[in-house]
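Okay, here's what each chain looks like letter by letter:
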Amino acid sequence: MDIDSLKETMERELGEIKNSKELRDFSNKYLGKKGEIRKIFAEIKDLAVEEKKTMGREINEFVAELEKKIEELREVLQHGTAEAEKVNLNLPGEKIESGHLHPLTTVRREIEEIFRLMGFAVVEGFEIEDEWHNFDSLNIPEGHPARDALSLGKTLYLRNKLLLRSHTSPAQTRYMKKLGAPLRIVIPGRVYRYERTDASHETNFYQIEGLMVDENVSVAELKGVLERFLQEFFKKKVAIRLRPSYFPFTEPSFEIDMSCAVCSGAGCPACKRTGWVEILGAGMVHPRVIKNGGLDPEKWNGFAFGMSIDRLTMMKYKINDIRWFHSGNLKFLKQF
Amino acid sequence: MTISYSWLNSFFKKPLPQPEKLAEILTMHSFENESIEKKKNDWILNIDVLPDRGGDCFSHLGVARECAAILNLKMDCPSIKLKEGKGKIRDFLKVEVRDGNCRRYSARVITNVKIGPSPKWVADKLANCGLNPINNVVDAANFVMLELGQPLHAFDYDKIEGKKIIARKAKPNENIVLLNDNECILDKKTMVIADEKRALAIAGIKGGKAAEISEETRTVVLESASFDPKTIGQTARKLNLRTDASARFEHNLDPNLTELALERLSQLIVEWAKGEVVSGTIDVYEEKTKPGKIKLELSLLNKVLGIVIPQSEAISILNRLGIKILSKTNKAVLLEIPTFRQDLLIPENIVEEVGRIYGYEKIPSILPGIKEYPVERNNLDFFINKSKDVLKELDFTEVYNYSFLGDKEKEKYKLKAEEIKNPVSSFAKYLRPSLIPLLVKNIEENLKWFESVKIFELGKVFWGQDRKISEKMMLSGGISSKKEKAFLRLKGEIIFLLEQLGVKKIAFEKGTKDSMFSDSLDVIINGEKAGRMGQTAFNVFCFELDFNVLMKHVGEEKEYEKISYHPPATRDISGTVKEKVSLEDLKERIKQGGRGLIKGLEVFDVYQGPGIGKGKKSVSFHIIFQSEEKTLDAETIDKIQKEIIKILSEQLGWEERK
């Protein structure tokens, strides 16, 4: 057996190896249990001791060298393979489909969370109400101009003098009766109006009502709560201002403006260049409403406010038409 | 209310702030100003007078009073001196009030008027305020209405039959031709101003043709009256006749205003139409409106407003508003409310008055401290949110639909639905008893643009029950996909959803077919029907879950289950069983026989058809056995498997397939 020629063959074959499989085959062919090297060891078994020793060492050194080379090559081949299969990181990512929550849900949750952190519990009212809760309990008796304005033109009626609540306020007296005082709640929910729909009017929309009843509640606290709410919601410093208003169920009553979130009060088209945006109605609960809630108005007073979740959502996402909310159109809904 | 800036200025010696500035001041202290318009040497403010202030502020005088109170200005109102002529009014006219809804009726007679156009400045002023100039007498009446807020009417004296004015209820079907030539049929709830023969005007709303002022008119009767606001409002609505007069009367005018208005009107007619005032006034005024009294605890101001207003400042504001201090102690004041402020009835009204004039901007923002926390969680809200989140994870998009349905849906699905008495449109005639009809509509619409659609809605549904109409929260959804087995996917998703909500025992039972579901399953939770699911249209599958029922079975308890390090062993069992035996029952029995060693149980095949007996189905299960203590040997597992098959065959008629 000519070891040198074997070495030569092996060097050549090693040089021609192109992939891991060939390398594995090569390794088996020469270094395997039945490989050429073993055969050589078997052949030299019968040689003289001295010669056997020399040959053995020579072969062992060669094998060690070979193993090192194989290892190196394996490294190279593996690396090379990785190179060939390497991902182009610059290709576009896959499109991921997922579900979407309605923007009104998202905004409602945000609102609820802010009020919860300020100590207001979230409760629900009924969508079907009676005239007493929707009107009378709120100091809007029959014959009152506000009753006519709200009931005749704006309220949707069902049989037996039942109606679809035209605001979330009927829940005020319901919860005063149910939970007593002190009380801090928000009541979000769907309300109904008889409306000719357009970009800013809907027959179904969402309000959130707030009610705080305690001893010595003040306008200053109403201002504090609403200012903080708006700051948390719009995530920026906002100023608010109170203007006189009229609601039969609050006295005093306010229209509340906030500094325009778009221009920070400098004046822009969003605020009709006034720097202010009308955002909600509020007031100190009328003593008669406290009484209708089963509480003593001499002891308890409070504030209440109501705002449109739709409007806050439209402001937040710059949605230009309220009718999108009930369109069921996935092109709209999948944006959120 | 349209307000002329120059007119407003005429009430003051010192000029008012510039129009823009004044508008802002009014907005912050009284009423919102909607717009300012420049018109012929004047600015026109469009002021949104609040509904409780229509009684005094549908007039320049009222708004001027507001300016005076806010700016602490003195008003300058010259007194009216009329030169009365000969003749006594009682020789000219009699007035009889037969209807208690006429609170006061004041009248004067002016002779020798010369009807003609008004002075140009008057015509301009009226036009600027949105009224058409007609003639000097009618214009004078309109002018005083805009100035003082009192609606007035002038009749042609010579056309009044019997020289008598009667305020009475209309006769059934009595008719009247109005100034605009429209004919009105009245009923007996309507109040009219009549002579002995016929109605001359609908009281407080509009005058009639019968005694209209014309170019030939020589003698006029001037009416300055006050009517019950409710009656006027109801009549105006019923007749669909809203006028400048009715709008004012509806807002509870001060009956004491009639006198001043009548004097002012007479003065202007003498000035513009050269008439002579007949001596005396007829004034039928049975129950005089007297100033109200309110006792105000001064501490209420600070308590409600949350700011300390100096007592002297509060009292100055009250004085500026025309409210008299009758008596005063350190703690309280007794106030006399002028009759033109019929809206001030309780101490809180006074708090508002002081607060708004003082300036709400001076009130600081204070956050109330939290007394009780954390705030109790609303469980319904929590599980609603959770359901929505899980469905979103499952690729569902949330929709909101109207609570209404039209005839089309009602008929298509043969629904029993509560009717809305005054629907907005024919598409919104009923209250939805189910969310599914509109979800199906949403799906069909969206399939025009999307390959597959998965949507859900959580909202109230409604149904009638005797005298009551009830509402409850439903969770519904629908799916339509080109992929086959959309229904099985949906079924899996419902199980996933319910498991995520902590619902234990979930089962499905064959449901009924109806006009909504062509094929359906009932969803059963702990033996209670919680909803159903099935096919609602071609390749559209829907579900509905009653959230009230769901809430009884949801939970958040979870317990760690030991993870065994001993190897699991899988066995399959297959067999046939009667069609009506549910998979849930089979699973239940398998677990029973499993001696607590079953770690996984899955149905991997259900088949019905040729080769299986009629009314039967073939079912195959994967069962994974695993012990926490030891490696299970084949012998033990064989034994358990036999036991399971025995239970299945004995209790459910299972025939093991060999």
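It should be emphasised that the depicted structure is a prediction, and the values quoted were computed from it without experimental measurement.

Counting secondary structure elements, chain A contains twelve helices and ten strands. Computed over C-alpha atoms, the radius of gyration of chain A comes to 41 Å, more than 25% over the 20 Å expected from 2.2 N^0.38 for 336 residues, which places it beyond the range of a compact globule. Its C-alpha atoms give chain A principal-axis dimensions of about 130 × 45 × 40 Å. The buried share of chain A, reckoned over its 336 residues, is 53%. Counted over contacts in chain A with a minimum sequence separation of 6, partners at least 24 positions apart contribute 66%.

Glancing now at the overall build of chain B. Secondary structure assignment for chain B yields 20 helices and 32 strands. Relative to the 2.2 N^0.38 estimate, which gives 26 Å for 658 residues, the radius of gyration of chain B is 40 Å and therefore markedly larger than a compact globule would have. Projecting the C-alpha coordinates of chain B onto the three principal axes gives extents of approximately 130 × 60 × 45 Å. When burial is assessed residue by residue, chain B has 53% of its 658 residues classed as buried. In chain B, 105 positive and 98 negative side-chain charges are present, and the distance between their average locations comes to 2 Å.

Let us now look at the sheet that holds strand 3 (residues 156–157) of chain A. Strand pairing in a sheet is mediated by backbone hydrogen bonds. Such pairs are either parallel or antiparallel. Residue and element names in this part refer to chain A. In space, the three strands of this open sheet follow the order 2-4-3, with antiparallel pairing throughout. A strand with exactly one partner marks an edge of an open sheet, and here the two such strands are strand 2 (128–130) and strand 3. Bridge count for strand 2 against strand 4 (residues 162–164) is three bridges, and the pairing is antiparallel. Each residue of the ladder has a partner; that of I128, found in strand 4, is L164.

Residue and element names in this part refer to chain B. Those residues of helix 11 (residues 298–305) not exposed but buried are L298, L300, L301, V304 and L305. Buried residues in helix 11, looked at end-on, bunch into an arc of 155°, giving them a common side. Positive phi shows up at G306, right after helix 11, with a value of about 75°.

For chain A, the assigned domains are domain 1 (3–85) and domain 2 (103–333). For domain 1 of chain A versus domain 2 of chain A, the distance between C-alpha centres works out to 86 Å.

Residue and element names in this part refer to chain A. On inspection of all chains with the given rule, the structure shows 26 aromatic pairs over all chains. The interplanar angle of 65° and the centroid separation of 4.8 Å between the aromatic rings of Y317 and F336 together place this pair among those described as edge-to-face. One end of the pair, Y317, is in helix 11 (residues 309–317); the other, F336, is in the segment after helix 12 (330–333), and 19 residues separate them in sequence. Pairing W324 with F332 gives two aromatic rings, centres 5.4 Å apart and planes at 10°, and the pair type is stacked. One aromatic cluster is present, built from ring pairs that chain together F115, F120, F229, F233, F234, F303 and F305. The ring of F233 is capped by K316, whose NZ or CZ atom sits 5.4 Å from the centre of that ring.

Position of H251(B) relative to the elements: it lies in the loop between helix 9 (244–250) and helix 10 (257–273). In this structure H251(B) comes out as buried when scored by relative accessible area, which is 17%.

This part is about the domain arrangement of chain B. Taken domain by domain, chain B holds domain 1 (2–71), domain 2 (84–284), domain 3 (292–362), domain 4 (379–553) and domain 5 (569–656). For domain 3 of chain B and domain 5 of chain B, the distance between their C-alpha centres works out to 83 Å.

Further remarks concern the interface of chain A and chain B. Opposite the 85 residues of chain A that make contact, chain B presents 79 residues. Each partner contributes to the roughly 6900 Å² buried at the junction of chain A and chain B, and carbon and sulfur atoms together form 56% of this total. E32(B) is the partner of R243(A) in a salt bridge, and the nearest nitrogen-oxygen pair spans 3.6 Å. In terms of residue count, the dominant contributor to the side of chain A that touches chain B is helix 9 (residues 219–234) of chain A (eight residues). Here the side of chain A that touches chain B is built from residues that sort into 35 nonpolar, 23 polar and 27 charged.

Put simply, A181(A) and P182(A) share a cis peptide bond, and its omega is -5°. In this structure, P182(A) sits in the loop between helix 8 (171–179) and strand 5 (183–192). At the junction of E251(A) and P252(A), the peptide bond is cis and its omega measures out at -5° in the coordinates. Although it is not a glycine, N252(B) sits at a positive phi angle of roughly 60°. Mapped onto the fold, N252(B) is located in the loop between helix 9 and helix 10. Positive phi outside glycine occurs at N526(B), with the angle close to 45°. Here N526(B) lies in the loop between strand 26 (519–525) and strand 27 (528–537).

Okay, the environment of N378(B) next. Examined against the element boundaries, N378(B) turns out to sit in the loop between helix 13 (347–358) and helix 14 (379–393). When near neighbours in sequence (up to four residues on either side) are disregarded, N378(B) contacts V122(A), V123(A) and E124(A). Of note is the side chain of N378(B), whose polar atom sits 2.6 Å from the backbone oxygen of V122(A). Within the local environment of N378(B), its side chain forms a polar contact with the backbone nitrogen of L380(B), the two atoms lying 3.1 Å apart.

Moving on, we get to a nonpolar patch on the surface. A surface patch of nonpolar side chains, about 480 Å² in accessible area, is lined by Y560(B), I563(B) and Y565(B). Topologically, Y560(B) is positioned in the loop between helix 18 (547–553) and strand 29 (569–578).

Residue and element names in this part refer to chain A. Between helix 5 (residues 103–117) and helix 9, the shortest axis-to-axis distance is 10 Å and the interhelical angle comes to 135°. In terms of axis orientation, helix 5 runs oblique to helix 9. As for the relative orientation of helix 5 and helix 9, their crossing is right-handed in sense. Residues V107, E110, I111, I114 and F115 of helix 5 touch helix 9, and the partners they reach there are V225, F229, E232 and F233.

Moving on: helix 11 of chain A. Residue and element names in this part refer to chain A. Buried within helix 11 we find I309, D310, L312, T313 and M314. Tucked into the core, helix 11 has its buried residues touching helix 5, strand 5, strand 6 (204–214), helix 9, strand 9 (276–285) and strand 10 (301–308). Two to three positions downstream of the cap, the backbone nitrogen of D310 sits 3.3 Å from a side-chain oxygen, assigning the N-cap of helix 11 to S308. K318, located one to two residues past helix 11, shows a positive phi value of around 55°.

To continue, consider the pairing of strand 26 of chain B. Residues and elements named next belong to chain B. In terms of residue burial, strand 26 counts as a mostly covered element, since six of its seven residues are buried. In this sheet, strand 26 lies alongside strand 25 (residues 506–510) in antiparallel orientation, the contact comprising five bridges. Each residue of the ladder has a partner; that of F508, found in strand 26, is V523. Of the strand pairs in this sheet, strand 26 and strand 27 are connected by seven bridges, and their pairing is antiparallel. The partner of V523 across the bridge, within strand 27, is G531. Two successive antiparallel strands, strand 26 and strand 27, enclose a turn made up of two residues, where N526 displays a positive phi of approximately 45°.

What counts as what
Residues numbered from 1 in each chain as written. Chains lettered and ligands numbered in written order. Predicted model: local features only at pLDDT ≥ 70, side-chain atom pairs only at ≥ 80, totals over all residues. Heavy atoms only, no water. Helix = DSSP H or I, 4+ residues; strand = E, 2+ residues; numbered from the N terminus. Rg over C-alpha atoms; globule rule 2.2 N^0.38 Å. Buried < 20%, exposed > 50% of the residue type's maximum accessible area, 1.4 Å probe, protein only. Contact = heavy atoms within 4.5 Å. Lys, Arg positive; Asp, Glu negative; His and termini not counted. Charge placed at Lys NZ, Arg CZ, Asp CG, Glu CD. Pairing = 2+ DSSP bridges. Arc of directions from axis to C-beta. Domains from an automatic or database assignment. Phe/Tyr/Trp six-rings, centres within 6.5 Å; stacked < 30°, edge-to-face > 60°. Lys NZ or Arg CZ within 6 Å of the ring centre and 35° of its normal. Buried area = accessible area lost by both parts, 1.4 Å probe. Salt bridge = Lys/Arg side-chain N within 4 Å of Asp/Glu carboxyl O. Nonpolar A, V, L, I, M, F, W, Y, C, P; charged D, E, K, R; others polar. Polar contact = N/O pair within 3.5 Å; in protein donor to acceptor, adjacent residues only side chain to side chain. Patch = residues over 30% accessible without salt bridge, like charges linked within 9 Å, V, L, I, M, F, W, Y side chains within 5 Å. Areas by Shrake-Rupley, 256 points an atom, 1.4 Å probe, with all protein chains shown as cover. Axes fitted to C-alpha atoms, helices over the stretch in contact; angles between N-to-C directions. Parallel < 35°, antiparallel > 145°, perpendicular 65-115°, else oblique. Left-handed = near helix turned anticlockwise from the far one by under 90°.

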